[in-house]
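Listed below, chain by chain, are the residues.
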Amino acid sequence: MTVIIGITGGIGSGKSTVCDVFKLMGVPVFEADSIAGKLINSSSEIRNELVKIFGKDIYNSNNFINREKLANLIFNNDELLEKANNVIHPAVRNEFMNWVKQQKTAYIIHEAAILFESGFYKMMDFTILVSAPEEMRIGRVIKRNNITREQILSRMSKQWPDSKKRKFATIELVNDNKNLLIPQIIEIDKKLKTNGKIW
């Protein structure tokens, strides 16, 4: 039976980098945030529900979501964020379950920014938290996304802090440029392929 690993980490932690390494090792990775982004544009059911919540102009004339407008609305309103998540998360969960059935490897990975906050972690056999010091994370995101420190801190405030995520994580991968990342990943891969466990 295929083991399901959930991977998460705050903005700038390097969870995507960790998943890229696993991909290079031949491990299938389900990118929940990317899938959610595609479903928002491709699913008429999701589109209709989001229009009911946010109004018609949440989508552009070509039926693509106005990402900037959506982000501005939900990042500053917890109630709207929850409503949007209640529309999108069930669809992502269905996509994931269908995807799982098609996989044949010893283990697979589900990557999500809000793995614990959304409750998705309950569907995982094990979970990995990718962490890094806050100032390092901020520096990475400023360099990568060309956004302000204030915008990053605002986004961080909407995610659980690592101290809370640690309570739900099976193990933690530290991505602080001191602890070498690839050996940590290789060790996890070895254990999963040997005995189906992450420790």
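Residues numbered from 1 in each chain as written. Predicted model: local features only at pLDDT ≥ 70, side-chain atom pairs only at ≥ 80, totals over all residues. Heavy atoms only, no water.

### Observations regarding the overall build of the protein
Quick reminder of the rule: Helix and strand definitions here come from DSSP, where helices need a minimum of 4 consecutive H or I residues and strands a minimum of 2 consecutive E residues; each element is numbered from the N-terminal end. Note that the radius of gyration is over C-alpha atoms, with the globule rule given as 2.2 Å times the number of residues to the power 0.38. For every residue, the accessible area obtained with a 1.4 Å probe (protein chains only) is divided by the maximum for its type, and the residue is called buried under 20%, exposed over 50%, and partly exposed between those limits. Contacts were defined at the residue level, with two residues in contact if any of their heavy atoms lie within 4.5 Å. Only the protein chains shown count as cover for residues, with accessible areas throughout obtained via the Shrake-Rupley method and a probe of 1.4 Å.
Within the protein, the regular secondary structure consists of nine helices and five strands. Secondary structure elements in the protein, listed N-terminal to C-terminal, are β-α-β-α-α-α-α-β-β-α-α-α-β-α. Relative to a compact globule of 199 residues, whose C-alpha radius of gyration would be 16 Å, the protein shows 17 Å and is just as compact. Along the first, second and third principal axes, the C-alpha atoms of the protein reach 50 × 40 × 30 Å. In the protein, which comprises 199 residues, the share counted as buried stands at 44%. Within the protein, residue pairs in contact and separated by at least 24 positions form 72% of the contacts whose partners lie at least 6 positions apart. For the protein, the accessible area works out to roughly 11000 Å², and carbon and sulfur atoms hold 51% of it.

### What about the pattern of salt bridges?
Opposite charge on two side chains makes pairing possible when the charged atoms of those side chains draw close. Note the following rule: Just to be clear on terms, a salt bridge is a Lys or Arg side-chain nitrogen sitting within 4 Å of an Asp or Glu carboxyl oxygen.
Inspection of every chain in the model, using the stated rule, returns 12 salt bridges. For the salt bridge of glutamate 31 with lysine 23, the shortest nitrogen-to-oxygen distance reads 2.7 Å. Take glutamate 31: its relative accessible area is 29%, and that puts it in the partly exposed class. Overall, lysine 23 belongs to the partly exposed group, its relative accessible area being 35%. The salt bridge partner of lysine 158 is aspartate 78, with a shortest N-O separation of 3.6 Å. With lysine 158 in the loop between helix H7 (149-157) and helix H8 (162-165) and aspartate 78 in helix H5 (residues 78-101), this residue pair connects regions lying 80 residues apart in the sequence.

### A look at the side chain of glutamine 159
Here is the rule we go by: Polar contact criterion, stated in full: a pair of N or O atoms within 3.5 Å, where within protein one must be able to donate a hydrogen and the other to accept it, and residues adjacent in sequence count only if both atoms are side-chain atoms.
Position of glutamine 159 relative to the elements: it lies in the loop between H7 and H8. Within the local environment of glutamine 159, its side chain forms a polar contact with the backbone nitrogen of isoleucine 11, the two atoms lying 3.3 Å apart. Ignoring any residue separated from it by four or fewer positions in sequence, one finds glutamine 159 in contact with Gly10, Ile11, Ala113, Glu117 and Lys165.

Treat this as a map of the structure, not an account of what it does.
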